[in-house]
Amino acid sequence: MSSEAEPGKSLGPAPWGAMGILFLVHFVVDSHATFFAPLIPLLREKFHFTLATAGILISIQSFTSALSQPLTALMVDRWPRLPWLAVGIVGTSIAFTAIGWSPVFWGVAAAIPAGGMLFGLCHPDMAARAGRLSEAHASLSVSVFVTGGRMGFAMGPIIALGIATRLGLEWLWIYVFVALGTMALIVWGLPKPPRLKDKTKDAAGGLWAAMVRARKPVSLLFGLAIVRAIIMGNLGGFLPTLLVDAGMGLWSGGFANTVLFTSGAVGVMAGGIWGDRIEKRSVIAFGMAVALAGMIAFLVFPLDYAFFSLAVVGLGNFIPMGVSVALAQKTLPGHRAFASSLTLGGGWLISGFTSAPIAAAAEHYGLIQVLWVLPITLAAGVVIALMLPREKPGFALPVQS
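Parameters and conventions
Residues numbered from 1 in each chain as written. Predicted model: local features only at pLDDT ≥ 70, side-chain atom pairs only at ≥ 80, totals over all residues. Heavy atoms only, no water. Helix = DSSP H or I, 4+ residues; strand = E, 2+ residues; numbered from the N terminus. Buried < 20%, exposed > 50% of the residue type's maximum accessible area, 1.4 Å probe, protein only. Contact = heavy atoms within 4.5 Å. Areas by Shrake-Rupley, 256 points an atom, 1.4 Å probe, with all protein chains shown as cover. 1 Å grid on protein atoms, 1.4 Å probe; cavity = no way out; pocket = protein on both sides within 12 Å on 5 of 7 lines; lining within 4 Å. Points joined across faces, edges and corners; volume = space filled by probe spheres on them. Nonpolar A, V, L, I, M, F, W, Y, C, P; charged D, E, K, R; others polar. Phe/Tyr/Trp six-rings, centres within 6.5 Å; stacked < 30°, edge-to-face > 60°. Core = buried A, V, L, I, M, F, W, Y, C linked by side-chain atoms within 4.5 Å. pLDDT = per-residue confidence, 0-100. Axes fitted to C-alpha atoms, helices over the stretch in contact; angles between N-to-C directions. Parallel < 35°, antiparallel > 145°, perpendicular 65-115°, else oblique. Left-handed = near helix turned anticlockwise from the far one by under 90°. Expected span 1.5 Å × (residues − 1). Patch = residues over 30% accessible without salt bridge, like charges linked within 9 Å, V, L, I, M, F, W, Y side chains within 5 Å. Salt bridge = Lys/Arg side-chain N within 4 Å of Asp/Glu carboxyl O. Arc of directions from axis to C-beta.

1. Description of the overall build of the protein chain
Okay, step 1: Scanning the protein chain from N- to C-terminus turns up 16 helices and 0 strands.
Okay, step 2: Within the span of the protein chain, comprising 401 residues, buried residues form 60% of the whole.
Okay, step 3: Long-range pairs, those at least 24 residues apart, make up 86% of the contacts in the protein chain with a sequence separation of at least 6.
Okay, step 4: Taken as a whole, the protein chain presents about 15500 Å² of accessible surface, with 71% of it coming from carbon and sulfur.

2. Considerations on empty space enclosed by the protein
Okay, step 1: Counted by the stated rule, this structure contains 3 cavities of 30 Å³ or more.
Okay, step 2: Of the pockets and cavities examined, the largest cavity occupies roughly 410 Å³.
Okay, step 3: Considering the residues around the largest cavity, the lining is formed by 30 residues, among which Ala33, Gln61, Phe153, Gly233 and Trp348 are closest to the centre.
Okay, step 4: For the lining of the largest cavity, the leading source of residues is helix H9 (residues 215–245), giving 7 residues.
Okay, step 5: Each residue belonging to the lining of the largest cavity can be placed in one class, and the counts come to 14 nonpolar, 13 polar and 3 charged.

3. Regarding the packing of aromatic side chains
Okay, step 1: The tally for this structure, following the rule as stated, stands at 9 aromatic pairs.
Okay, step 2: Both rings, one in Phe49 and one in Phe105, keep their centres 5.2 Å apart while their planes meet at 40 degrees; by these two values the pair is tilted. Within this pair, whereas Phe49 is found in the loop between helix H2 (36–47) and helix H3 (51–78), its partner Phe105 is found in helix H5 (residues 105–132), the two being separated by 56 residues in sequence.
Okay, step 3: Taking the relative accessible area as the measure of exposure, Phe105 reaches 18% and is therefore buried.

4. Focus: the nonpolar core
Okay, step 1: Ile89, Leu235, Phe298 and Leu310 are the most contacted members of the largest nonpolar core, which totals 117 residues.
Okay, step 2: The element that contributes the greatest number of residues to this core is H9, accounting for 15 residues.
Okay, step 3: With near-sequence residues (within four places) excluded, Ile89 lies in contact with Val25, Val28, Val29, Cys122, Ala179, Thr182, Met183 and Ile186.

5. Here's the deal with the environment of Ala385
Okay, step 1: Within the secondary structure, Ala385 sits in helix H16 (residues 373–386).
Okay, step 2: You can call Ala385 buried: its relative accessible area is 0%.
Okay, step 3: On a C-alpha basis, the gap between Ala385 and Met288 in space is 7.8 Å, while along the polypeptide they are 97 residues apart.
Okay, step 4: The contacts of Ala385, once residues within four sequence positions are left out, are Leu224, Arg281, Ile284 and Ala285.

6. Quick notes on unusual backbone geometry
Okay, step 1: The residue His48 is not glycine, and still its phi comes out positive at about 60 degrees.
Okay, step 2: Mapped onto the elements, His48 comes out in the loop between H2 and H3.

7. Side note on the confidence of the model for the protein chain
Okay, step 1: Counting all residues, the mean pLDDT for the protein chain is 81, and 88% of those residues have values of 70 or more.
Okay, step 2: When pLDDT is averaged over each element of the protein chain, H16 comes out on top at 94 and helix H8 (residues 204–213) at the bottom at 70.
Okay, step 3: Note that residues 1–10 has pLDDT below 50 and, in this model, 14 contacts with residues that lie over four places away or in other chains.
Okay, step 4: This stretch, residues 393–401, has a pLDDT under 50; its non-local contacts, to residues over four places away or in other chains, come to 32 contacts.

8. Some thoughts on the packing of H9 against helix H12 (residues 306–331)
Each pair of packed helices gets described by two things: the angle between the helix axes and the distance between those axes.
Okay, step 1: Their axes nearest at 10 Å, the elements H9 and H12 cross at an angle of 150 degrees. By the angle between their directions, the pair H9 and H12 is classed as roughly antiparallel. As H9 packs across H12, the resulting crossing turns out to be left-handed. Here Pro217, Val218, Leu221, Arg228, Ile231, Met232, Leu235 and Leu239 of H9 come into contact with H12, specifically with Leu310, Val313, Asn317, Phe318, Met321, Ser324, Leu327, Ala328 and Thr331.
Okay, step 2: Its residues placed into classes, the contact of H9 with H12 shows 13 nonpolar, 3 polar and 1 charged.

9. Observations concerning the side chain of Thr377
Okay, step 1: Relative to the assigned elements, Thr377 resides in helix H16.
Okay, step 2: Assessed through its relative accessible area of 15%, Thr377 is described here as buried.
Okay, step 3: Contact partners of Thr377, with chain neighbours within four places excluded, come to Val227, Ile230 and Ile231.

10. With respect to H2
Okay, step 1: For H2, spanning 12 residues, the distance from its first C-alpha to its last is only 14 Å, which falls clearly below the expected 16 Å at 1.5 Å a residue.
Okay, step 2: Residues Phe36, Ala37, Pro38, Leu39, Ile40, Leu43 and Phe47 constitute the buried set of H2.
Okay, step 3: Backbone geometry just after H2 places His48 at a positive phi near 60 degrees.

11. With respect to a nonpolar patch on the surface
Okay, step 1: Side chains of Ile94, Trp101, Leu167, Trp171, Trp173, Phe177 and Leu180 sit close together on the surface and give an oily, nonpolar patch of about 700 Å² of accessible area.
Okay, step 2: Mapped by element, the contributors of at least two residues to the nonpolar patch are helix H4 (84–101) and helix H7 (176–189).
Okay, step 3: Inspection of the secondary structure puts Leu167 in the loop between helix H6 (138–166) and H7.
Okay, step 4: Looking at Leu167, the relative accessible area reads 47%, which means it is partly exposed.

12. Some details on H7
Okay, step 1: Under the 1.5 Å per step criterion, the end-to-end length of H7 is 20 Å for 14 residues, consistent within 8% with the ideal 20 Å.
Okay, step 2: Among the residues of H7, those classed as buried are Val176, Ala179, Thr182 and Ile186. Down the axis, H7 shows its buried residues gathered within 115 degrees of arc, on one side only. Away from its buried face by more than 90 degrees, H7 exposes Phe177 and Trp188.
Okay, step 3: Buried residues along H7 sit against helix H1 (16–33), H4 and H5.

Here it is as structure tokens:
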């Protein structure tokens, strides 16, 4: 019998304290991930590298962030009490702030994959903790956690540009102190992960059997993660360069990402609230359709109106995010960290291969023209969402036998 509340019944109190800490932790971790993109114009001026090289570095960041998450998830599910998150958040901060203080280009090039790997180290642990906070508020708990990340993505460009333009790129290291403070909250403020009673339960064979049983919903959720990652990795990665090249200024480029991810934070919370009350499949499909409409508007209308369409893209693309994580964890309840890694980071593994060819094509055909690949991707996301099994609150998600 499911421990989730049935429709029409009270869901009970939500664990707001722990949810608030995970919100802040995810904010700090993910804010680092958007340091590089808004600083590309300054870094290109300093180190004189091409747009194609920038695209390769964006791809490397996406690829390493994604590659480390499933591997880390297996370790988190097996040894949940080791300090993955505390180590990861400090390491992430040291690596990504090195983008600013490294005196040579190869230092930047090395800092990006190092930061990506450590960034991926944090997420399975965070998501597993969020999923365990409350079964009745699973979508809400995960969505509050995910919203912290979206706000971190949103404010990361402002933080990076604020430090770089007022103090200088080399002062980016001061943000490490924020990571150290957040590490203290993790150690002393969050509930301890449960001890794993049966280690054989979460062994590779157990995970494989669970994946086979749930192959249809897991595959579709992974497909949706790929769609979201391709949109956000490329749109977020190239927006600052696109707007700066259009003469709109460095701060406009950074602010565009802030709009994109702030509206995404609203979308995550909306999806989380709806996902505990109505069919998750409908919430996911609706979000994909909204993002598709916003992406077409961004490409059709002049860039003077870009901030409005970007808000729609962010809202729609992130409505399904927390719901998808909760659905994946419900599908693989004994492997919560791995389930979250598929829906949060797994898509970035595939997305990481797309930024470099998009950047290369953009140098020949123009960036705005090449970005038409993104609404095509979102259209595929709508189709994938409609293929998800139907599921209602209070009942277990059907899986294949």
